[in-house]
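# Analysis of the macromolecular model
The chain contents come next:
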Amino acid sequence: MPPLTVGFDLDMTLVDSRPGIAAAFRALTARTGVPVDADAAVSRLGPPLRVEIARWFPPEQVESAVEAYRELYPAYAITPSLPMPGAAAAIEAVHAHGGRVVVVTAKAGRLARLHLDHLGLAVDELAGDLFAEEKATALRAWNATLYVGDHVADMTAAGAAGVPGVGVATGPCSIDELESAGARVVLDDLTGFPAALDRMIRLAFTQ
């Protein structure tokens, strides 16, 4: 059997970053004077930051707003964020199978690392600034067996990488949406991941 490598998305898959991201957006509003509806922003996590910033800032200010947000992020977004239910146990289950855990996220890699370190989530590799099909590059490079995520774009990433997508209905996308996007398995949340892991491994290695 080939080595096991499980890829995970970050926001709303491993980390409930909504409280921290909302705080960072409020700090961005305080700095720039541009009103951002932080609650609305955190209801649609998944796409790259620039997509959300472009909803609130004129085109010529988007890049400077992205830079300001990322400058504010470490002070405002890390401490309030929490692990998703079952996140630590899911990582431990992969390691108990002798596997590797890789995180592939649209978030900037250095900011994703701050979340993982703060929450004590021990992963083997991390790639940031990747979304949808772009994630397939990292997944293929690390010979991923599965990719786990909460967004339909994560299922697109899995498909582009040629591996089964495992959806978790903990983000903005419903079970039906994840299945329609190609998820081979959908879990309510990561608490069911350890018990389902053997079945998902068989699915990956027999497809």
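Description of the structure in this document. (Residues numbered from 1 in each chain as written. Predicted model: local features only at pLDDT ≥ 70, side-chain atom pairs only at ≥ 80, totals over all residues. Heavy atoms only, no water.)

## Notes on the packing of aromatic side chains
Rule in force here: Any pair of Phe, Tyr and Trp rings, taking the six-membered ring for Trp, is counted once the centres come within 6.5 Å. Such a pair is stacked with planes under 30 degrees apart, edge-to-face with planes over 60 apart, and tilted for the rest. We count a stretch as a helix when DSSP gives it H or I for four or more residues in a row; a strand needs E for two or more, and each element gets its number in order from the N terminus. The classification of residues rests on relative accessible area computed with a 1.4 Å probe and restricted to protein chains. Under 20% of the type maximum is buried, over 50% is exposed, and intermediate values are partly exposed.
Overall, the coordinates contain three aromatic pairs when judged by the stated rule. Relative to Phe193, the ring of Phe8 has its centre 5.5 Å away and its plane inclined at 55 degrees; by these criteria the two rings are tilted. Taken together, the residues Phe8 in strand S1 (residues 5–8) and Phe193 in helix H10 (residues 193–206) connect sequence positions 185 residues apart. For Phe193, a relative accessible area of 0% translates into the label buried. With a centroid separation of 5.5 Å and 55 degrees between ring planes, the pair formed by Tyr69 and Tyr73 is classed as tilted. One end of the pair is Tyr69 and the other is Tyr73, both in helix H4 (residues 62–77) and four residues apart, which spans about a single turn. Feature note: the residues Phe25, Tyr69 and Tyr73 constitute an aromatic cluster, connected by ring pairs.

## Focus on helix H1 (residues 18–32)
Selection criterion: Helices are assigned an expected span. That span is 1.5 Å times one less than the residue count. By definition, residues are in contact when any of their heavy atoms lie within 4.5 Å.
A rise of 1.5 Å per residue sets the reference length of H1, with its 15 residues, at 21 Å; its end C-alpha atoms lie 21 Å apart and thus fit the reference within 8%. Residues of H1 that are buried include every one of Gly20, Ile21, Ala22, Ala24, Phe25, Ala27 and Leu28, and no others. Next to the buried residues of H1 lie helix H2 (38–42), helix H3 (49–56) and H4. Of the residues flanking the end of H1, it is Gly33, one or two places downstream, whose phi is positive at about 80 degrees.

## A short note on the pattern of salt bridges
Put simply, the rule reads: We define a salt bridge as a side-chain nitrogen of Lys or Arg found within 4 Å of a carboxyl oxygen belonging to Asp or Glu.
The tally for this structure, following the rule as stated, stands at twelve salt bridges. Between Asp9 and Lys135 there is a salt bridge; the shortest N-O distance is 3.1 Å. In this pair, Asp9 is assigned in the loop between S1 and strand S2 (15–16) and Lys135 in helix H7 (residues 135–141), connecting sequence segments 126 residues apart. Judged by its relative accessible area of 6%, Asp9 is buried. The class of Lys135 is buried, set by a relative accessible area of 1%.

## Considerations on H10
Each turn of an α-helix holds 3.6 residues, which means side chains three or four residues apart point in the same direction. With 14 residues, H10 ought to run about 20 Å at 1.5 Å a step, and its terminal C-alpha atoms sit 19 Å apart, in line with that. Phe193, Ala196, Leu197, Met200, Ile201, Leu203 and Ala204 are the residues of H10 that are buried. Summarising the contacts, the buried residues of H10 are in contact with S1, helix H5 (87–96), strand S6 (146–149), strand S7 (165–168) and strand S8 (185–187).

## Examining the environment of Glu125
Assignment of secondary structure puts Glu125 in strand S5 (residues 125–127). In this structure, the C-alpha to C-alpha distance between Glu125 and Ala41, residues 84 residues apart in sequence, is 28 Å. Excluding anything up to four places from it in sequence, Glu125 contacts Arg100, Val101, Val102, Val103 and Trp142.

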